[in-house]
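Spelled out from the first residue to the last, the chains are:
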Amino acid sequence: MIIAILAALTFGAATATGLLWVLGFGGQSGAEAVARLGRIRNGEGDAGIIASQATSATSKSNSAFKIRRPSAVSLGGVTLVSGKVSANWAKQLESAGLTLTPREYLILRCVIGALVTAITMILLNIPLLALGLFPIGFLLPSFYVSRRINGRLKKMEGQMIEMLQMLASGLRAGFGLQQALEAASEQVPAPLSIELRRTMRDISMGSSVEQALTALNNRVASPDFDIVVTAILIQRSVGGNLAEILDNVAFTLRERERIRGEIATLTSQQRLTGFVIGGIPFGLAGFFAVVNPEFIGLLFTEPIGRMMLVTALILEGIGAFCIKKIVNIEV
C-alpha cells in the first residue's frame, strides 16, 4: 500500500513538473527574448557573455556582466527568486557541470521538498513534523550540488600539475599559449579538458586570452587555478619565461599536494573516531531490533519516540559536521 502511494506521489510530482515546464514557469518572456536577440545582432552576445565572467574593472566587463546575469524567476508576475539569487544558482550549477537553469533548479528543489513532506506524513503521520521537513527536502539538491562542485574541483586540482607540465613542454617546443592550451585540452581527461575547451571556445568567439582565463578562474573558483591564472596574466603583462614560470607553479602545487597528504595521514585517526562514534547509535539500533524488537519499536510507534528519533538524527548530523570542520585543515 505504501509503495503504491509513493509511486502515485512520484508520478504526480513528475506530472506537475512537466506542466510547469510546458507553461514556461519562470522562463523568459517574449520581449526579453527579442531584446536578447537584438543585443546579439549588435555584437553584445557571446563575446559579451564571455567578458561578463572576467573580473577586470573595465567598463566593457561591467556592462557585459549585466547582460549575462540571469533574470529573476517569477510566476504570474510574482518574483519567486531574485536576480541575485538566480545568478548565484546559475554560477553554482555551472561550477558543478550541470545544465540546469535556475528555473529548473527551483522546480526540482520544490518537488523534492514536497516528496520529503509527503513521505514523512505517510510514514510518521505527524503534520507539524512533515511541514518542518519541507525546508530540509528543499535544501537537499543544494547539498548535492555542493558535493558535486567539491568533487569536480578535486579532480581538476589533481589534473592541474599534469596540465602545467604539458603547457610548459608545448611552450618549449615553440607553441604559443593558445596552441599549448588547445593541445593540453585534447590530452588531459575530463573535467579539466571540458573547461579548457570552453576557454578555447571563448577565445575563438572573440574574447581576449586574459578575459577567457579570468572567466575560467571564476568558474572553477579554486586557489590552485587562481595561482596559475595570476602567474599567466602577470607574465603577459610584464614578460618573462612562461615555461619556467609554469614549472615553478607546478612545483608549488606539487608541494601543496604533498602537505595535504601528510595532513590527511595525521588526521586519519580523528576521522576514524568520528565514524565509529557516529555509527554506534545505528549499530545499537540494529542490535536491539534483532534482540528485542518491541523495545526499539517504541521509537517508531509512539509520538514521543519518533520525536526523540528525529532529534537524535539531527544531533548526529550536527556532530558529524563539527568533526568534519575540525579535521578539515586548509593548506
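Residues numbered from 1 in each chain as written. Predicted model: local features only at pLDDT ≥ 70, side-chain atom pairs only at ≥ 80, totals over all residues. Heavy atoms only, no water.

1. Brief notes about the nonpolar core
Link 1 in the chain: If you look at the biggest cluster of nonpolar residues, it comprises 35 residues, and the most contacted ones within it are Met163, Leu164, Leu196 and Leu246.
Link 2 in the chain: Those elements that place two or more of their residues in this core are helix H8 (134–172), helix H9 (177–187), helix H10 (192–204), helix H11 (209–220), helix H12 (223–238) and helix H13 (242–266).
Link 3 in the chain: Residue contributions to this core peak at 10 residues, all from H8.
Link 4 in the chain: Aside from chain neighbours lying at most four places away, what touches Met163 is Ala184, Val188, Leu192 and Leu196.
Link 5 in the chain: Listed in part, the 10 residues of the second largest apolar core include Val73, Val81, Ala96 and Val145. (Core = buried A, V, L, I, M, F, W, Y, C linked by side-chain atoms within 4.5 Å. Buried < 20%, exposed > 50% of the residue type's maximum accessible area, 1.4 Å probe, protein only. Helix = DSSP H or I, 4+ residues; strand = E, 2+ residues; numbered from the N terminus. Contact = heavy atoms within 4.5 Å.)

2. A few points about the packing of aromatic side chains
Link 1 in the chain: For the structure on display, the rule yields 4 aromatic pairs.
Link 2 in the chain: Ring plane angle 70 degrees and centroid distance 5.6 Å describe the contact between Phe287 and Phe288, whose orientation is recorded as edge-to-face.
Link 3 in the chain: Phe287 sits in the partly exposed class, given a relative accessible area of 48%.
Link 4 in the chain: A residue is classified by how much of its surface remains accessible, and Phe288, at 30% relative accessible area, is partly exposed.
Link 5 in the chain: With centroids separated by 5.3 Å and ring planes inclined at 50 degrees, the aromatic side chains of Phe288 and Phe295 adopt a geometry described as tilted. (Phe/Tyr/Trp six-rings, centres within 6.5 Å; stacked < 30°, edge-to-face > 60°.)

3. Quick word on empty space enclosed by the protein
Link 1 in the chain: If you walk through the whole model with that rule in mind, you get 1 cavity of 30 Å³ or more.
Link 2 in the chain: Approximately 60 Å³ is the volume found for the largest cavity.
Link 3 in the chain: Surrounding the largest cavity, Met163, Leu167, Leu181, Leu196, Leu213, Leu216, Phe225, Val228, Val229 and Ile232 form its lining.
Link 4 in the chain: Breaking the lining of the largest cavity down by element, the ones donating at least two residues are H8, H11 and H12.
Link 5 in the chain: When residues in the lining of the largest cavity are grouped by element, the largest group, 4 residues, is from H12.
Link 6 in the chain: For the lining of the largest cavity, the per-class residue count stands at 10 nonpolar, no polar and no charged. (1 Å grid on protein atoms, 1.4 Å probe; cavity = no way out; pocket = protein on both sides within 12 Å on 5 of 7 lines; lining within 4 Å. Points joined across faces, edges and corners; volume = space filled by probe spheres on them. Nonpolar A, V, L, I, M, F, W, Y, C, P; charged D, E, K, R; others polar.)

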